[in-house]
Amino acid sequence: MPSASPFVERLHTNYTPLDSELNHIRALVDERQTLVIALNREIEELIQRRDEHLEFMKDHSALLSPIRRVPNDVLTLILFDTIPHNPHFQQPTKSTGVHPALVLSHVCQRWRRLVFNTPLFWNVVDIKIPQLPHPRDPQFSNLVKAWERLNQVIYKMVRLWISRSASSPLTVSFESNVWGKVDRRLFSDEFLKGVHRMIRPTVGVLCEASTRWKSLHISVAGGDYEASARIFEMAPDDIPILQNLSFTGFPVRPDLPKSLKTGTELLKGPSLQRLAFGVVLSSPSLLPVDWSKITELSLGALHRRPGHSYPLSTLSLCPNLTRCSITFPIGIAFFTRDFMAATIDGTGDPKDTRVCRLPRLRTLELRGSGPPVGFADKVDLPSLRELLLYCNLKTGPCATGGGALDLIQKFGEGLTDVAVDSSELDESSLGRVFEWLPNVVSLRFVGCYGPHLESGEVNAAVPDSLLERLIPKCVDDADSGLGNADDGHCGDGYFTGVFCPKLEKFGFNASRTVGFSQGAIVRFIASRRKPRDTIGISELNSVVVTFHTQRPGKTIREALEEMDVENLEDMVLIARYKTRLSDEQLDFGYYSADHEDYLKIVAPLDMHT
């Protein structure tokens, strides 16, 4: 036991010890110091014992982890789901050290073995050749050396990806714009040749695996064609399973002399079914494609004034098309008189009344300036179900895209999925759209060309009366009285006078010309969410909408709850104020993650700006 201290009463006072007391106090302190050292030693031993027990618990608890009992085949599917394979709204993941497959392989030995032994983790090869520095940069020499090292890394990564993909079909994306906006004439010929020598090994590794190409996206600037020419010159026998082919730019002019035509062999693949051009320098119909096999086609903007038969001259060659996207050139006017006089083959024979018949086409997407007036009269699309009009809807004698609404009027009865650019819609045209779509299930009004709501004053019409036409009305057989079916029941009467009775998904981007009030949207949703005692009116399950106004004190969901609208937790309900959603955000698949759209996956990005 430690000695008792006779100085307890002196502690925490101003007492000054006598000289005779100093040694006694020092002895008391030394005694306690010895005890503290002993206790610390015991504590360290206890901590060590505790840590040993914790380590034991941690190691053995890991054996109880549920993931350890997941079979390898199931675990592989779970891990594989983390790899983006042609995602809907994302660029493919670059083949770099931060690729998810490499990250997963560093978790543990088991995961590493699974990832390395599963070729499908490595069958998406995404390459982007970096741009060169500007020759006037003070650090040009050092930056060029860094550029060369980076290209060496890319080459090694591509070899690694292709090796680990074994024999599985490949999805390849190759993008090269080495020169950017720099004038190549600033570089010496020897430097240019050196750049090409750095790129060719990567191209060579890709081409050695061409027999496994299933999907190929190419974005090559004109100055980079020489280094990547081998890709374009692959013979049909070298690409036996290539089904999907996409170009941001095509490096040939089909109308040039035969001696100057290069790079068209790639278009002769025997299995080619899906074809996308971001930019075409001449009519695609002149390209050596077996058009009868093409089922999905995306035609980007032309850099030259097209013939009056474009795009009918190309579409008429594709009787088996099921999906098609066309970008009409902005700034290149179609004159309705000339277009209507044109024939499919471009002869201009006024006696020729043929139309372009596409019996299997189910999806048509139009962008850019939109089709000319009369376009709808030139096409026969008996199977059309999805119409996406991301284009100018202005009408009138001088409008370049006045034929877009004609397509809705002609084919509206058969359409189930429709997207319309709301930027140029007025109250009258909006009402016609509602009226022409009796069987539409998904209806979106996007905003592609109009200015943003934040950019200035908004003097838009608020045609709530049009939205009222989407609310079911109840007609009583007894007195033929007409009223809103607010309670969802109609007694002995029947519902009538409602636009779009089968509508389940509704999206609306308020534009500078037209929009709805929140109150009208609330009434519309409430009327379509309550149970119906009659056949023919579908329940609304998704609404994505923007407003001109500031956010009010009460949200749409709160207003609906006050109206006793039930099961709102099962409904997609997105509202934005004083802003505008992107086309993708207004796509219901953006929220449900169940929408597949090849044209948006494969088509070059500049087609969708």
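What counts and how
- Residues numbered from 1 in each chain as written.
- Predicted model: local features only at pLDDT ≥ 70, side-chain atom pairs only at ≥ 80, totals over all residues.
- Heavy atoms only, no water.
- Axes fitted to C-alpha atoms, helices over the stretch in contact; angles between N-to-C directions.
- Helix = DSSP H or I, 4+ residues; strand = E, 2+ residues; numbered from the N terminus.
- Parallel < 35°, antiparallel > 145°, perpendicular 65-115°, else oblique.
- Left-handed = near helix turned anticlockwise from the far one by under 90°.
- Contact = heavy atoms within 4.5 Å.
- Nonpolar A, V, L, I, M, F, W, Y, C, P; charged D, E, K, R; others polar.
- Core = buried A, V, L, I, M, F, W, Y, C linked by side-chain atoms within 4.5 Å.
- Buried < 20%, exposed > 50% of the residue type's maximum accessible area, 1.4 Å probe, protein only.
- Phe/Tyr/Trp six-rings, centres within 6.5 Å; stacked < 30°, edge-to-face > 60°.
- Lys NZ or Arg CZ within 6 Å of the ring centre and 35° of its normal.
- Patch = residues over 30% accessible without salt bridge, like charges linked within 9 Å, V, L, I, M, F, W, Y side chains within 5 Å.
- Areas by Shrake-Rupley, 256 points an atom, 1.4 Å probe, with all protein chains shown as cover.
- Salt bridge = Lys/Arg side-chain N within 4 Å of Asp/Glu carboxyl O.
- Polar contact = N/O pair within 3.5 Å; in protein donor to acceptor, adjacent residues only side chain to side chain.
- Pairing = 2+ DSSP bridges.
- Expected span 1.5 Å × (residues − 1).
- Arc of directions from axis to C-beta.

Draft legend 1. Quick look at the packing of helix α5 (residues 140-164) against helix α6 (residues 189-208). Between α5 and α6, the shortest axis-to-axis distance is 8 Å and the interhelical angle comes to 15°. Viewed along their axes, α5 and α6 adopt a mutual orientation that is roughly parallel. The two elements α5 and α6 meet at a crossing, and its hand is left-handed. Between α5, through F140, V144, W147, E148, N151, Q152, I154, Y155, V158, R159 and I162, and α6, the contact on the second element is made entirely by F191, V195, M198, P201, T202, V205 and L206. In terms of residue class, the contact of α5 with α6 is made up of 13 nonpolar, three polar and two charged.

Draft legend 2. Unusual backbone geometry, seen in detail. Residues other than glycine seldom take positive phi values, yet H12 does so here, at roughly 60°. Along the chain, H12 turns up in the segment before α1 (19-62). Phi is positive for A166, which is not a glycine, with a value near 55°. Considering the arrangement of structural elements, one finds A166 in the loop between α5 and β2 (170-176).

Draft legend 3. Up close: the nonpolar core. W213, L275, F434 and F506 are the most contacted members of the largest nonpolar core, which has 135 residues in total. In terms of residue count, α6 provides more of this core than any other element does, nine residues in total. Those residues in contact with L275 that lie beyond four places of it in its chain are L245, F247, L267, V289, W291, I294, E296, L297 and S298.

Draft legend 4. Molecular detail of the packing of aromatic side chains. The tally for this structure, following the rule as stated, stands at 17 aromatic pairs. Ring plane angle 40° and centroid distance 5.9 Å describe the contact between F140 and F191, whose orientation is recorded as tilted. With F140 in helix α5 and F191 in helix α6, this pair connects stretches of sequence that are 51 residues apart. A ring pair is formed by F506 and F524, whose centres lie 5.3 Å apart and whose planes are at 75°; its orientation type is edge-to-face. With F506 in strand β17 (residues 505-508) and F524 in helix α13 (residues 518-529), this residue pair connects regions lying 18 residues apart in the sequence. When its relative accessible area of 0% is taken as the criterion, F506 is described as buried. Residue classification places F524 among the buried positions, given a relative accessible area of 0%. Put simply, the rings of F434, F445, F506, F508, F516 and F524 pair up and form one aromatic cluster. Directly above the ring of Y15 sits R10, whose terminal nitrogen or CZ lies 4.3 Å from the centroid. Its end group placed over the ring of F116, R164 keeps NZ or CZ at 3.9 Å from the ring centre.

Draft legend 5. Representation of a nonpolar patch on the surface in the model. On the surface, a nonpolar cluster with roughly 320 Å² of combined accessible area is contributed by L54, F56 and M57. Among the structural elements, M57 can be located in helix α1.

Draft legend 6. Geometry of the environment of E175. Assignment of secondary structure puts E175 in strand β2. Distance from E175 to V220, taken between C-alpha atoms, is 5.7 Å for residues 45 residues apart in sequence. Ignoring sequence-local partners within four residues, the contact set of E175 consists of I127, K128, I129 and S219.

Draft legend 7. Representation of the environment of E558. Its location among the elements puts E558 in helix α14 (residues 556-562). A relative accessible area of 37% places E558 in the partly exposed class. Separated by 36 residues in sequence, E558 and V522 place their C-alpha atoms 9.8 Å apart. Within the structure, the side chain of E558 is placed 3.1 Å from the backbone nitrogen of T555, a separation counted as a polar contact.

Draft legend 8. How the structure looks around the pairing of strand β4 (residues 244-247). Here β4 shows no split at all, with N244 and S246 on one side and L245 and F247 on the other all buried. Sheet topology note: the strand β3 (residues 213-220)/β4 ladder contains four bridges and is parallel. Bridge pairing in β4 links H217 to S246.

Draft legend 9. Spotlight on the pairing of strand β9 (residues 363-368). Most of β9 sits inside the fold, with six of its six residues counted as buried. Bridging between strand β7 (residues 323-328) and β9 involves six bridges; their strand directions are parallel. Residue C324 lies in a different strand from β9, and its bridge partner there is L364. Where β9 and strand β11 (residues 386-391) come together, six bridges link them in parallel fashion. Bridge pairing in β11 places L364 opposite L387.

Draft legend 10. Region of the structure containing α13. With twelve residues, α13 should cover 16 Å at 1.5 Å per step; its first-to-last C-alpha distance of 16 Å lies within 8% of that length. For α13, a buried count of ten out of twelve residues is recorded, marking the element as mostly surrounded by other parts of the structure. Those residues of α13 that sit buried are Q518, A520, I521, V522, F524, I525, A526, S527, R528 and R529. Against α12 (464-468), β17, β18 (542-547), α14 and β19 (572-577) lie the buried residues of α13.

Draft legend 11. Local environment of helix α2 (residues 72-80). Those residues of α2 lying buried are L75, T76 and L79. Projected down its long axis, α2 shows its buried positions confined to an angular sector of 105°, all on one face. Summarising the geometry of α2, the exposed residues directed more than 90 degrees from the buried face are D73 and L77.

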